[in-house]
Amino acid sequence: MTVPQWVSAESGRAPLPPSTDVVVIGGGIAGAAMAYYLAKGGAEVTLIERGELNREASGTNAGSFHLQLAIHQLSGQGGDADRDRLLAEARLSVEAFAVWEGLGEELGGSVDLHRTGGWMVAETPEQLQILHDKHELEELAGIETEVVVGDDLRDRAPYLAGNLLGATYCPVEGHANPLVVAPLYAVRAAQHGAVIRTHADVRAIEVHAATGARRFTVHTGAGAIDAHRVVDCGGAWAGELAKMVGIRLPVRSEGLHVNVTEPRPRMFVPMIQHIGRRLTLKQTENDTFIIGGGWPTPTAPPPKRYPTSWHSAAGNTAVAVSVVPGLADVRVVRTWSGVIVFTNDFSPVVGESAQVPGFHACVSSTGFTFSPLFARQLAEQMLAPAATSPFPQRYSLDRVPAVATY
Amino acid sequence: MAENTFAAPDVLVVGGGPAGISAARAAAVAGLKVLLADERPTLGGQIYKQPGPGFTVTDPAAMDRQFRYGRTLIESLDGSGVDVRLRTGVVAVEDGNAVLVTEGEPARTVSAPRMILAPGAHDRPVAFPGWTLPGVITAGGLQTLAKTQRVLPGKRILFAGAGPVALAFPAQLAHYGANIVLALEAGPSPRPADILQVARAASGNTALLLDAVRYRTGLLKHRIPLRYGQIVVRAEGNGTLERVVHAAVDADWRVVPGTEQTVDVDVLCVGYGFVPSLELLRLAGCVFDYREDLGGHVVHRDDWHRTSVDGVYAAGDGAGVEGSFVAIDEGTIAGLAAAMDAGVLGKDSAAKLAAPARQRLSRRRALSTATSRMYRVGPGVFELSTEDTVICRCEVVRQRDLAPAIESTEDINVVKAYTRAGMGPCQGKNCQRHIASLIAREHGRDVSDIALATPRMPVRPVPISSIADHTIDGPGLFVAEETEVAP
C-alpha cells in the first residue's frame, strides 16, 4: 500500500492570506472538491475549515454511493407528487456516478471505489409496490435495476430473511472510502495552488457595496480575509453561514447514528437497504459490518461531537438483524454520529445567489454521492459562466424568503 | 419477566473490585438501594481475582494472601442487601441511564440517579519491536491465567516492568511455580536517601512496607535476579518469542547505547504499571486532569470523589492508579458521598464515617510521594518503537503508516480516520497512548495536551442479539418536522 500524503498541520495553521478571489467555507467533500476544481481551473482559492478537514458528514457517513432511489428521497406524498423530482434525481445519480467512476484517476490516488451491487428490500405489499414504481423511474433514467421476488430472491440472496417479499437489485452501486476522498481532494487542491486553512471558524461575513476583491470580508477566529466570491460548503452548518449574509436556506441538520461491528468471514457483497425502514447495511472491505440508515442522535453544541444513542443502536440493529438474521451473534464494537444536512424540499442548494451576488453554495443531502458532481459543475460555472448552462430553478439559494434585515 | 429486569437502584456501582465492593457496602449500610455490576463471573476485580468457574477452593489457607484479602472483602457484602449482578458489563452511560449487558441476554437500560464508577485499571500498553509476538504477555494477562485458570505459559519467563508491580509480580508468580529467569526494573535502584524517606513516611504504612520486604524476600528465595535501570528493547523470534533484548536506561528511561544484552526465553511478561480504564468516565462526560504518576488521564474529583458530572462518582484505580488499599478507602468515601448526597446520611455523620479512610489515605499518599522517584514513568517507554513496529495491533498499523497522518494533525481522531489505528475490537485501548506520544513528539507538544479520541459506546463489544430491540418503532421517512414559514 502506498501511504498517502496529507495537507500538513503546519501549513494548515499558517496565517490567512489578506485577500483572494474565492473563499470556500467548509473542509468536507463539497468544499475540498470546490477548492480542487476551482484551483485546477486557475482560480485563486482559499479554503477555510473550522476544525480539521473531513471531520463531519463527509468523513462520518457510511461511504455508500447511491444509484437506486431510496427512503430518504420519498416525501410520503405518493408516487405522483414525487415523480418528476425522483426522475430528475435518478438521472442526476447517473451523472454523479460517472464522476465517481473517474475520481481515482482524476485525483491520482485510490478512493477505494467498489461496485458491489445493492439490494433494496421490501417487507410489505405497499413497500413492494414502491419498488415496482421506482424500478420504472430508474429504467427511464437509465439505471439498471430489477425487481426480484420469491424463490429467485432466496436463491440469489440466501442471507436475506425469509419473510421479505421482494427486493430490487442494482448491479453498479457500491461504496467508496469516506475517510480519504475529501482529504485527497484537499491535497490535490493544494498542489494546484489552493490555500487550505484549518482551525479557522467563520464568525461573520461582511458584504460590501463594492464589487471586486473587496466584495466580501470573511472574519474568522484566525483573522479576516477579503474575497471577491464566497462558496458556502458548510454542510449541516450551511444555513448558519448563509444567514450571515441574510440568506435563508431551506436546510436543516440532523445527527445520525452509525454502528460498526467486528470483522467476520464474508457473509455478503452487495450493500443492503430497506425501502420502508431506516437501514443501510454493508460488509466493508475490512469485513466489518457498517449498520446505519439515518437513526437519530441527540444534538450537542460545537466543538462537541454529537453523542450516539443507545435507543437508535437498539432500533437500527433490530432492523438489520430482521433483514439479515445471520448478524445476530456479530458484535458491535463502536458507534459514531454524523451531522447531516437535509434540504426540506429534497432538492440541493447549488449555484449563485441572486439576492447577494458573489455568494455561492454547494449543499446537498447525500452529499457524499453528489458533491463531486455539484462541485465540478459549480466550479465550471464560476470559471466560465458564459460556457455553462444555469442550474435548475429548484436548486436556487433564494427559494425561501430572505431573512429579515436587522 | 421479573428476573429479567433489575429493580431501579438509588445508586449503581460499576465494577466489583476493591473500590466497587467497598463503595457498594458503604452506600448500602447507609440505607441506599445498591446495584453492583461486574462483567466478570466472580467479584474481586483484577487484584483479588478469584479462581474461575469450575474451580473449588478446598483449602483457603493454601491460597495466596491476595486471594484471602479478596475473599474477606467479598464476604463483607454478605447481608448488606447489595444486588450483585455478575457477568454483567455496563457498556454505555447516557443521561443518567446505564446500559447493562448480561452475557447472552438482551441489554437492559437502568436508570440510576447516582453512579459510582470503579472500572479499575489495565496494563499500560508499551509498543516495542516484537511486542505482538506470541509469547509476549502483559502482567495482568499472566495474573489472570494464574489466578483464574491456575496455568502458567512457557518454560523460561523474563519479567520486564517498573513500579511496585515489578517487585511484587515476579514474587507472586514464583509462588504459582513460574520459572522467572530474570526480572528487569526500568526505574533506578533504591538509594539510601529513598529508603530513609520511605521510612519517614512509613508510620502507619507498615503493611505496605511489609509487603515490599516480603516480595523482595520472595525474589531472593526463588533466586530471581532483579536488575534495576533495565528496559526491554525488543522481542525476537520466528513466529513465536525466542529471545529478548534489553538494555540499560537513563533517568528518563531512554536506552543507553551499547548496553544491549540478549536473553533466551519463551515468555516475556511486560508490566510497566497500569493505566486507569477511562471509557465509561469519558462517556459520562467527566472532566479529566493529567497525572503521569497516576496513569496519565485521570478523572477530576472533589474530596468526596464526585466527578464534574452531577451524580457521577469515581473511585479506585480507575480514578488514578494507587493500588487496592487506596481503592478500598476511596470506595468507602464515594459510597458515603452518594448516601450523603441522596439525603439518607447527614453531613456530619458522613464526615465522621469517612474520617478513618481519609486518615489511611493521607498516610499512604505520603508514602507514594516518597517513592515517586523510584516509581515514575519515563518518557523513553514510548520511544522504543521503530518504523516497522506495529502500533495498532487490531488493525495492524505500523509506525511508518502513521507518520504522514501524524504530520498532518494533532488530532488523534484524524490519525485514526486516515490510518484505521484504533478502529479494531480494543477501540484504541492499546494504541491510543502511544499515538498521543508520537503526535506530541512530532509537534513539540506535551503528551498531556493531546486529547484522546472521541469516546463512544459500547465500551466493550456487544452482540447484536443483545443490542437489538424489536419493539422500537423506526423514525420513518426523512421529512422535515415542520415547514419553515417566512418571518
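Small disclaimer: the values here were computed from a predicted structure and weren't measured.

**Student:** Please give an account of the overall build of chain B that cites residues and values.
**Tutor:** Scanning chain B from N- to C-terminus turns up 14 helices and 23 strands. Taken over the C-alpha trace, chain B has a radius of gyration of 23 Å; the compact-globule value for 487 residues is 23 Å, and the two agree within 12%. Reported as C-alpha extents along the three principal axes, the dimensions of chain B are approximately 75 × 55 × 45 Å. In chain B, buried positions account for 51% of the 487 residues. Long-range contacts, defined as pairs at least 24 residues apart, comprise 68% of the intrachain contacts of chain B with a sequence gap of at least 6.

**Student:** Tell me about the overall build of chain A, and please be specific about residues and values.
**Tutor:** Across its full length, chain A holds eleven helices and 19 strands. With the C-alpha coordinates aligned to their principal axes, the bounding extent of chain A is approximately 70 × 45 × 40 Å. Residues counted as buried form 57% of the 406 residues belonging to chain A. For chain A, the share of sequence-separated contacts (at least 6 apart) that also reach a separation of at least 24 residues comes to 74%.

**Student:** Outline the sheet that holds strand β8 (residues 174-175) of chain A, listing residues and values.
**Tutor:** What links the strands of a sheet is backbone hydrogen bonding, and the strands pair in either a parallel or an antiparallel sense. Residue and element names in this part refer to chain A. Strand order in the open sheet made by the three strands is β3-β8-β4, with antiparallel pairing throughout. Strands at the two margins of the open sheet, each flanked by one partner only, are β3 (64-65) and β4 (114-115). For β4 and β8, the ladder comprises two bridges, and the chain directions are antiparallel. Residue pairing across strands places arginine 115 opposite glycine 174, the latter belonging to β8.

**Student:** So what about the pairing of strand β19 (residues 296-299) of chain B? Which residues, and what values?
**Tutor:** Residues and elements named next belong to chain B. The pairing of strand β18 (residues 288-291) with β19 spans four bridges and is antiparallel. Across the sheet, aspartate 289 pairs through a bridge with valine 298, a residue of β19. Here β18 folds back onto β19 in antiparallel fashion, the turn holding four residues, of which glycine 295 has a positive phi close to 115°.

**Student:** Talk me through unusual backbone geometry; I want residue IDs and the actual numbers.
**Tutor:** Omega for the peptide link from Met457(B) to Pro458(B) comes to -5°, which places this bond in the cis form. Mapped onto the secondary structure, Pro458(B) falls in the loop between α13 (432-443) and β23 (462-463). Notably, Asp112(A) is not glycine yet its phi reads approximately 50°, a positive angle. By the element assignment, Asp112(A) lies in the loop between α5 (103-107) and β4. One non-glycine residue, Phe346(A), lies in positive phi territory at about 70°. Mapped onto the elements of the fold, Phe346(A) is located in the loop between β17 (331-343) and β18 (349-352). On the basis of neighbour counts, which here come to 21 C-beta atoms within 10 Å, the residue Phe346(A) falls in the buried class.

**Student:** Describe the interface of chain A and chain B, with residues and values.
**Tutor:** Residue-level contacts link 53 residues of chain A with 43 residues of chain B. As paired strands, β17(A) and β23(B) are joined by two bridges and run antiparallel to one another. By the bridge assignment for β23(B), Arg331(A) is matched with Pro463(B).

**Student:** Describe the sheet that holds strand β20 (residues 312-314) of chain B, and please don't skip the residues or the numbers.
**Tutor:** All names here are of chain B. With parallel pairing, five strands are arranged side by side in an open sheet as β3-β2-β1-β7-β20. The open sheet terminates on both sides in strands that have one partner only, identified here as β3 (83-85) and β20. Adjacent strand axes in the sheet meet at a mean angle of 20°, parallel and antiparallel pairs treated alike. Note: strand β7 (residues 114-117) against β20, three bridges, orientation parallel. Opposite isoleucine 116, over in β20, you have tyrosine 313 as the bridge partner. Across the sheet, helix α8 (residues 324-341) is in contact with β1 (11-14), β7 and β20; its angle to β7 comes to roughly 170°.

**Student:** Break down the environment of Leu281(B) for me, citing the residues and quoting the values.
**Tutor:** Residues and elements named next belong to chain B. Relative to the helices and strands, leucine 281 is located in helix α7 (residues 279-283). Spatially, the C-alpha atom of leucine 281 lies 8.9 Å from that of threonine 307, the residues being 26 residues apart in sequence. Not counting residues up to four positions away in its chain, the partners in contact with leucine 281 are Leu117, Cys286, Val299, Thr307, Ala314 and Gly318.

**Student:** Residue-level account of the confidence of the model for chain B, with values.
**Tutor:** When pLDDT is averaged across chain B, the result is 89; 92% of the residues are at 70 or more. Taken over the whole predicted complex, pTM reads 0.92, whereas the ipTM for its chain interfaces reads 0.92.

**Student:** How would you summarise the domain arrangement of chain A if you had to cite specific residues and measurements?
**Tutor:** All names here are of chain A. Per the domain assignment, the segments making up chain A are domain 1 (10-58 + 179-250 + 345-395) and domain 2 (116-173 + 253-343). Spacing between the C-alpha centres of domain 1 and domain 2 amounts to 32 Å. At the junction of the two partners, domain 1 supplies 15 residues and domain 2 supplies eight residues.

**Student:** Could you give an account of the domain arrangement of chain B, with specific residues and numbers?
**Tutor:** Residue and element names in this part refer to chain B. Split by domain assignment, chain B resolves into domain 1 (2-122 + 275-345), domain 2 (125-272) and domain 3 (385-449). Listed as interface residues are seven residues of domain 1 and, on the opposing side, nine residues of domain 2. Its residues assigned to classes, the side of domain 1 that touches domain 2 comprises one nonpolar, four polar and two charged.

**Student:** Give me the nonpolar core: which residues, what numbers.
**Tutor:** General note: in soluble globular proteins, nonpolar side chains tend to be found buried as a group. If you look at the biggest cluster of nonpolar residues, it comprises 274 residues, and the most contacted ones within it are Met34(A), Ala35(A) and Leu268(B). Not counting the four nearest positions on each side in its chain, Ala35(A) is found in contact with Val24(A), Val45(A), Leu47(A), Ala186(A), Ala189(A), Ala194(A) and Ile196(A).

**Student:** Please provide a residue-by-residue account of helix α10 (residues 310-323) of chain A, values included.
**Tutor:** All names here are of chain A. The first and last C-alpha atoms of α10 sit 20 Å apart over 14 residues, in line with the 20 Å expected at 1.5 Å per residue. Burial within α10 is extensive, with twelve of its 14 residues counted as buried. Taken together, the buried positions of α10 are occupied by Trp310, Ser312, Ala313, Ala314, Gly315, Asn316, Thr317, Ala318, Val319, Ala320, Val321 and Val323.

**Student:** Provide a residue-level description of the packing of helix α11 (residues 399-408) of chain B against α13(B), including the pertinent values.
**Tutor:** All names here are of chain B. It is the contact of α11 with α13, at a shortest axis distance of 10 Å, that shows an interaxial angle of 55°. Relative to α13, the element α11 lies oblique. Helix-helix and strand crossings are classified by hand; for α11 and α13 the assignment is right-handed. On the side of α11, the interface is formed by Leu402, Ile406 and Glu407, while α13 contributes Ile435, Leu438, Ile439 and Glu442. Its residues assigned to classes, the contact of α11 with α13 comprises five nonpolar, no polar and two charged.

**Student:** So, the environment of Leu283(B): which residues are in play, and what are the values?
**Tutor:** With respect to the element layout, Leu283(B) can be found in helix α7. If sequence neighbours within four positions are ignored, Leu283(B) has contacts with Ala92(B), Val93(B), Pro455(B), Met457(B) and Val459(B).

**Student:** If you had to explain helix α2 (residues 29-40) of chain A to someone new, which residues and values would you point to?
**Tutor:** Residue and element names in this part refer to chain A. Its twelve residues place the ends of α2 16 Å apart at the C-alpha level, agreeing with the 16 Å of an ideal helix rising 1.5 Å per residue. Burial within α2 is extensive, with eleven of its twelve residues counted as buried. Those residues of α2 not exposed but buried are Ile29, Ala30, Gly31, Ala32, Ala33, Met34, Ala35, Tyr36, Tyr37, Leu38 and Ala39. Directly after α2, the chain includes glycine 42, whose backbone phi takes a positive value near 100°.

**Student:** Please set out the pairing of strand β11 (residues 216-220) of chain A residue by residue, giving values where relevant.
**Tutor:** Residues and elements named next belong to chain A. Burial along β11 is one-sided: Phe216, Val218 and Thr220 are buried, and none of Thr217 and His219, which face the opposite way, are. As defined by bridge partners, strand β10 (residues 202-207) adjoins β11 across five bridges and the pair is classed as antiparallel. Within β11, the residue paired with valine 207 across the bridge is phenylalanine 216. Taking the residues between adjacent antiparallel strands as the criterion, β11 and strand β12 (residues 223-232) are bridged by two residues.

**Student:** An account of the packing of α11(B) against helix α12 (residues 412-419) of chain B is requested, with residue identities and associated values reported.
**Tutor:** All names here are of chain B. The contact between α11 and α12 brings their axes to 9 Å, and the two run at 130°. In this view, α11 runs oblique relative to α12, as classed from their interaxial angle. Both α11 and α12 take part in a crossing whose hand is right-handed. On α12, the residues touching Asp401, Leu402, Ala405 and Ile406 of α11 are Val414, Val415, Tyr418 and Thr419.

**Student:** With reference to specific residues and values, describe the environment of Val275(B).
**Tutor:** All names here are of chain B. Within the element layout of this structure, valine 275 appears in strand β17 (residues 274-276). Classification of valine 275 as buried rests on a count of 23 C-beta atoms within 10 Å. The contacts of valine 275, once residues within four sequence positions are left out, are Ala121, His122, Arg124, Gly295, Gly296, Val321 and Arg433.

Reading the values: rules and limits
Residues numbered from 1 in each chain as written. Chains lettered and ligands numbered in written order. Predicted model: local features only at pLDDT ≥ 70, side-chain atom pairs only at ≥ 80, totals over all residues. Helix = DSSP H or I, 4+ residues; strand = E, 2+ residues; numbered from the N terminus. Rg over C-alpha atoms; globule rule 2.2 N^0.38 Å. Buried ≥ 20, exposed ≤ 12 C-beta atoms within 10 Å, placed from the backbone. Contact = placed C-beta atoms within 7 Å. Pairing = 2+ DSSP bridges. Axes fitted to C-alpha atoms, helices over the stretch in contact; angles between N-to-C directions. pLDDT = per-residue confidence, 0-100. Domains from an automatic or database assignment. Nonpolar A, V, L, I, M, F, W, Y, C, P; charged D, E, K, R; others polar. Core = buried A, V, L, I, M, F, W, Y, C linked by C-beta atoms within 7 Å. Expected span 1.5 Å × (residues − 1). Parallel < 35°, antiparallel > 145°, perpendicular 65-115°, else oblique. Left-handed = near helix turned anticlockwise from the far one by under 90°.

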